[in-house]
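Residue-level structural notes
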Amino acid sequence: MARWPFSEEHEQLRASIRQFVESELAPSADEWEREADFPTSVFTRMGELGFLGLAYPEAYGGGGGDYLCNIVLAEEMCRCNSGGLAMAVAVQTDMAVPPVFKFGTEEQKHRYLTPAIRGEKVFCLGITEPDAGSDVAGIKTTARKVDDGWVVNGSKIFITNGRRADVMTLVAKTDRDAGHQGISLFLVDSDTPGFHVARTLDKLGMHTSDTAEITFTDMFLPEDALLGNEGEGFYNISWELQGERLVGSAGSIAGARRTFEAALAYATQRETFGKPIGKHQVIRHALADMATEIEAAQQLVYAAAWKVNQGEYPVREISMAKLLTGEVSWKVADKALQIFGGYGYTMDFPIQRGWRDSRLIRIGGGTDEVMRDVIGKMEGL
Ligand SMILES: Cc1cc2nc3c(=O)[nH]c(=O)nc-3n(C[C@H](O)[C@H](O)[C@H](O)COP(=O)(O)OP(=O)(O)OC[C@H]3O[C@@H](n4cnc5c(N)ncnc54)[C@H](O)[C@@H]3O)c2cc1C
């Protein structure tokens, strides 16, 4: 039976995504993790299956579903056993592409949205810069207006899918003196002269996903590369960040639940002092705390997602969900590793991957501190 807030249709979708993820992605996860890469054909295959555009209108090649379909996808992707792969897909489905649908012209939607849904164009999102992460308004990449377009100079860092992307949704300054109103969005083809992948970053976790630094040198963009209205980019990217945070929360807490299940299974098998370690009260209580905190965080994710599905814009709940799921996922991963003892610390057991991957959610897409600031402001402080 479907569990709130999902319907029977969502559960059917869940079953088909699960079948795909377990049969076509999970078996290769270890190899892709070792190679720190995965084939771009994953995008085309997911496009064929309709998983990259679940909630977009059919007119653009989407599935015509509701927002909760995206939550189902994020939850099921954690079964691929690779946080990096799940993140790469989420950047496409819930981060870089939604602004095209929300703010793009019809021409932009046909040129970019439809191929993104088919998995023919891979997207990345360019917000963060070497000198500006949390302070988005402090970015220095400029798009200077010229007669028939824009000339972009600057750089972006930590760009997921940056090495393989065909298109970047770019945040740039179009008026240095206008503060928040001086920022605009652009759609940039990565083969545009002046677009350069400077390096791939080596990371603690999320190894399967590529993370790049990208530079722009006198990169010319035509007029129609502007996405949305000039000067509205800060507000438009703030809208994008809500979806990014919520889907990140859904994926990370679903991952935490899987980690918990692995720890629970281990605690029933591993024996010390003549009984399974789960029968020692300390371990039993640790598992009880993990189960409780996962349940609470997941219900907060569902409450926020339900509101989004109703057409609301629940920044407060999304920020709380991001903060809580980040902290709970990290705590669960750490406690699980402890329950696995020395084996948890070896590379032979997958627990270390979840421990490394889960750490990112407290940083990416807005740190814990930024979430606390948003929540504090909304509480009137
Ligand atoms: C693996 C990975 C993938 C990523 N993918 C992308 C991507 O695809 N696209 C993209 O644009 N970005 C991406 N990011 C960037 C990510 O969103 C930023 O790292 C994040 O927003 C934090 O910015 P920063 O690293 O510059 O930290 P900073 O902003 O320099 O913050 C450093 C520390 O100071 C704290 N801090 C900052 N300001 C305040 C304040 N006002 N009050 C209290 N504390 C504060 C922060 O919370 C943090 O603890 C990715 C990052 C990683 C690691």
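Each value, and the rule that gives it
Residues numbered from 1 in each chain as written. Predicted model: local features only at pLDDT ≥ 70, side-chain atom pairs only at ≥ 80, totals over all residues. Heavy atoms only, no water. Near = heavy atom within 4 Å. Polar contact = N/O pair within 3.5 Å; in protein donor to acceptor, adjacent residues only side chain to side chain. Helix = DSSP H or I, 4+ residues; strand = E, 2+ residues; numbered from the N terminus. Nonpolar A, V, L, I, M, F, W, Y, C, P; charged D, E, K, R; others polar. Buried < 20%, exposed > 50% of the residue type's maximum accessible area, 1.4 Å probe, protein only. Arc of directions from axis to C-beta. Contact = heavy atoms within 4.5 Å. Expected span 1.5 Å × (residues − 1). 1 Å grid on protein atoms, 1.4 Å probe; cavity = no way out; pocket = protein on both sides within 12 Å on 5 of 7 lines; lining within 4 Å. Points joined across faces, edges and corners; volume = space filled by probe spheres on them. Domains from an automatic or database assignment. Buried area = accessible area lost by both parts, 1.4 Å probe. Phe/Tyr/Trp six-rings, centres within 6.5 Å; stacked < 30°, edge-to-face > 60°. Axes fitted to C-alpha atoms, helices over the stretch in contact; angles between N-to-C directions. Parallel < 35°, antiparallel > 145°, perpendicular 65-115°, else oblique. Left-handed = near helix turned anticlockwise from the far one by under 90°.

So, the site of the ligand
- Neighbouring the ligand are 16 residues, the closest being Thr128, Ser134, Phe158, Thr367 and Glu369.
- Here an oxygen atom of the ligand sits 2.9 Å away from a polar atom, N or O, in the main chain of Ile127.
- Within the contact set of the ligand, a nitrogen atom lies 2.7 Å away from a side-chain nitrogen or oxygen of Thr128.
- The element best represented in the shell around the ligand is strand β3 (residues 149-160), accounting for three residues.
- Partitioned by chemical class, the residues of the shell around the ligand number six nonpolar, eight polar and two charged.

Concerning helix α3 (residues 41-48)
- Among the residues making up α3, those that are buried are Val42, Phe43, Met46 and Gly47. Projected down its long axis, α3 shows its buried positions confined to an angular sector of 135°, all on one face.
- Elements that come into contact with the buried residues of α3 comprise α1 (8-25), α2 (29-35), α4 (67-77), α5 (83-96) and α7 (106-118).
- Trailing α3 by a residue or two, Gly50 shows a phi angle of about 85°, which is positive.

Some details on helix α9 (residues 281-309)
- Look at α9: 41 Å from first C-alpha to last across 29 residues, which is about the 42 Å you get at 1.5 Å a residue.
- If you check which residues of α9 are buried, you get Ile283, Ala286, Leu287, Met290, Ile294, Ala297, Gln298, Val301, Tyr302, Ala304 and Ala305.
- Where the residues of α9 are buried, they touch α4, α8 (233-269) and α10 (315-339).
- Note on α9: the residue one or two positions beyond its end, Gly311, has a positive phi of about 90°.

Section: empty space enclosed by the protein
- In this structure the tally under the stated criterion is one cavity of 30 Å³ or more.
- As a volume, the largest cavity reaches approximately 30 Å³.
- Taken together, Phe51, Leu52, Gly53, Leu54, Ala55, Tyr56, Asn70 and Thr93 make up the full set of residues lining the largest cavity.
- Of the residues in the lining of the largest cavity, the class split is five nonpolar, three polar and no charged.

A short note on the domain arrangement of the protein chain
- Split into domains, the protein chain comes out as domain 1 (8-122), domain 2 (124-231) and domain 3 (234-378).
- Relative placement of domain 2 and domain 3: their C-alpha centres are 30 Å apart.
- Facing 16 residues of domain 2, the contacting portion of domain 3 comprises twelve residues.
- Of the roughly 1,200 Å² buried between domain 2 and domain 3 on both sides combined, carbon and sulfur atoms contribute 70%.
- Ranking the residues of domain 2 by area buried against domain 3 places His180, Leu204 and Met206 at the top, with a combined share of 36%.

Quick word on the packing of aromatic side chains
- Under the defined criterion, the tally for this structure stands at 16 aromatic pairs.
- Centre to centre, the rings of Trp4 and Trp306 are 6.2 Å apart; their planes meet at 40°, and the pair counts as tilted. Here Trp4 is found in the segment before α1, whereas its partner Trp306 is found in helix α9, with 302 residues between them in sequence.
- We classify Trp4 as partly exposed; its relative accessible area is 45%.

Here's the deal with the packing of α4 against α8
- Where α4 meets α8, the closest approach of the two axes is 8 Å, and the angle between their N-to-C directions is 40°. Overall, the two elements α4 and α8 adopt an arrangement that is oblique. For the element pair α4 and α8, the recorded crossing hand is right-handed. Touching Tyr67, Asn70, Ile71, Ala74 and Glu75 of α4 are Gly243, Leu246, Val247, Ala250, Gly251 and Ala254, all from α8.
- For the contact of α4 with α8, the per-class residue count stands at seven nonpolar, three polar and one charged.

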